[in-house]
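Structural features, examined
Now for the letters of each chain:
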Amino acid sequence: MSNNFLNPVTTQTWANGRHIVRCVKVIQETWDVRTFCFMADQPIMFFFKPGQFVTLELEIEGQPVMRSYTISSSPSVPYSFSVTIKRVPGGKVSNWLHDTLHEGQELAVHGPVGLFNAIDFSSPKVLYLSGGVGITPVMSMARWYYDTNANVDMVFIHSARSPKDIIYHRELEHMASRIDNFSLHLICEKHGLGEPWAGYRGYLNHKMLELMAPDFLEREVFCCGPTPYMNAVKRLLETNGFDMKRYHEESFGATPPEARADAVEQAEQAADAPEVDAADLHLVEFTSSGKSIRVGPGETVHAAAAKLGMMIPKACGMGICGTCKVLKLGGEVEMDHNGGITEDDEAEGYILSCCSVPKGDVRIEF
């Protein structure tokens, strides 16, 4: 067959890094949950692995703030991406997003990153277990398989507080009505007056699981939700002999509040620390700024920058979000990350400064 009719893709594609995007749509999913849809001014194809997340770079009350959110859309709709966010009582960022972020507004995002995804753990039979707004990554996975007509047997079990709190309710029912390889089961903890509900009530338990997915022991499990929910799911599966090597959960959770470097505090801690032998100190040189500093054993590249008053963007502080990625021009580091950087980035010399400890003198482009 001739390939003359095929044109090469000239549109730019997404890569892990910092990108400026514009909010193009805001969707009210439930009374306290909204979906924010983003596009780039110049067409970009937002390819990612369903289940991965991005970090939003925001400015709230004059202060830089970073927060990580799972991408809820599917890469099968590549010219935009969406995040779905629940308003949290007293939540600084979620309330700001609900009250302030509107169509036409620009912001920077970092990503996509994340080990929790449908591509790296593909299986012909999957079980999605979600609670509350934890539905977002597994919804991305389900949308991907639905849109691509994948031959994957999906069981989707979602737990919500009440019928009015079920995110994507109509879309889930539409998907279940259209294909026979998508089995939907919804559980509501309670229901209020005037809220008819004929589905499962209470909390997910073994009897429910046996009814919904009698072959759950044969499935790849993807789980996301509040920590107590995920802990309960793990106990349920372990008690019933599930092979936990086939269990995957979204582990980055909520980004720690105000998780950014504080140079003054770091300097004070360093002043109180015991003296270190000069032979054990390593020189960290930041080439773009022309600054350098010697750090002791166990200190990260990010801490070195903070001592010099330089603020490398950071969100999670655990090597998950990928926000603090910098280019290492020379030297060796020990990087203990949690999926926030790709093998390709590592091969090109990039490191995550928050979890990279110099093993000798190093040179960083920053």
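The following paragraphs examine the structure supplied in this document. From a predicted model like this one, the values you see are computed outputs, not experimental measurements. (Residues numbered from 1 in each chain as written. Predicted model: local features only at pLDDT ≥ 70, side-chain atom pairs only at ≥ 80, totals over all residues. Heavy atoms only, no water.)

1. Here's the deal with the packing of helix α2 (residues 135–147) against helix α3 (residues 169–178)
Two elements in contact, α2 and α3, have axes whose closest approach is 12 Å; the angle formed by their N-to-C orientations is 30°. As α2 packs across α3, the resulting crossing turns out to be left-handed. Of α3, the residues touching α2 (which contributes Ile135, Met139, Ala142, Arg143 and Tyr146) are Glu171, Leu172, His174, Met175 and Arg178. Of the residues belonging to the contact of α2 with α3, the class tally is six nonpolar, one polar and three charged. (Axes fitted to C-alpha atoms, helices over the stretch in contact; angles between N-to-C directions. Helix = DSSP H or I, 4+ residues; strand = E, 2+ residues; numbered from the N terminus. Left-handed = near helix turned anticlockwise from the far one by under 90°. Contact = heavy atoms within 4.5 Å. Nonpolar A, V, L, I, M, F, W, Y, C, P; charged D, E, K, R; others polar.)

2. Considering the sheet that holds strand β13 (residues 220–224)
With parallel pairing, six strands are arranged side by side in an open sheet as β12-β11-β10-β9-β13-β14. Where the open sheet ends on each side, the last strands, each with one partner, are β12 (200–201) and β14 (247–249). Of the pairings in the sheet, the one linking strand β9 (residues 125–131) to strand β10 (residues 153–160) comprises seven bridges and is parallel in character. Counted as the bridge partner of lysine 125 is aspartate 153 from β10. Along the sheet, α2 contacts β9, β10, β11 (182–188) and β13; its crossing angle with β10, the most-contacted strand, is approximately 150°. Set on the sheet, α3 makes contact with β10 and β11; between it and β11 the angle comes to about 145°. (Pairing = 2+ DSSP bridges.)

3. Let's talk about the packing of aromatic side chains
Scanning the entire structure with this criterion turns up nine aromatic pairs. Ring geometry for tyrosine 128 and phenylalanine 156: centres 5.8 Å apart, planes at 65°, overall edge-to-face. Placement of the pair is tyrosine 128 in strand β9 and phenylalanine 156 in strand β10, with a sequence separation of 28 residues. One aromatic cluster is present, formed by Trp14, Phe38, Phe46, Phe48 and Phe81 through successive ring pairs. Sitting above the plane of the tyrosine 350 ring, lysine 325 keeps its charged end 4.8 Å from the centroid. (Phe/Tyr/Trp six-rings, centres within 6.5 Å; stacked < 30°, edge-to-face > 60°. Lys NZ or Arg CZ within 6 Å of the ring centre and 35° of its normal.)

4. Details of the environment of serine 76
Looking at the element boundaries, serine 76 is found in the loop between β6 (63–70) and β7 (81–86). For serine 76, a relative accessible area of 27% corresponds to the partly exposed category. Along the chain, serine 76 and tyrosine 146 lie 70 residues apart, while their C-alpha atoms are 9.4 Å from each other. Once residues lying within four places of it in the same chain are set aside, the contact partners of serine 76 are Arg143, Trp144, Asp147 and Thr148. Looking at serine 76, its side chain comes within polar contact range of the side chain of serine 74, at 2.5 Å. At 2.6 Å, the side chain of serine 76 forms a polar contact with the side chain of aspartate 147. (Buried < 20%, exposed > 50% of the residue type's maximum accessible area, 1.4 Å probe, protein only. Polar contact = N/O pair within 3.5 Å; in protein donor to acceptor, adjacent residues only side chain to side chain.)

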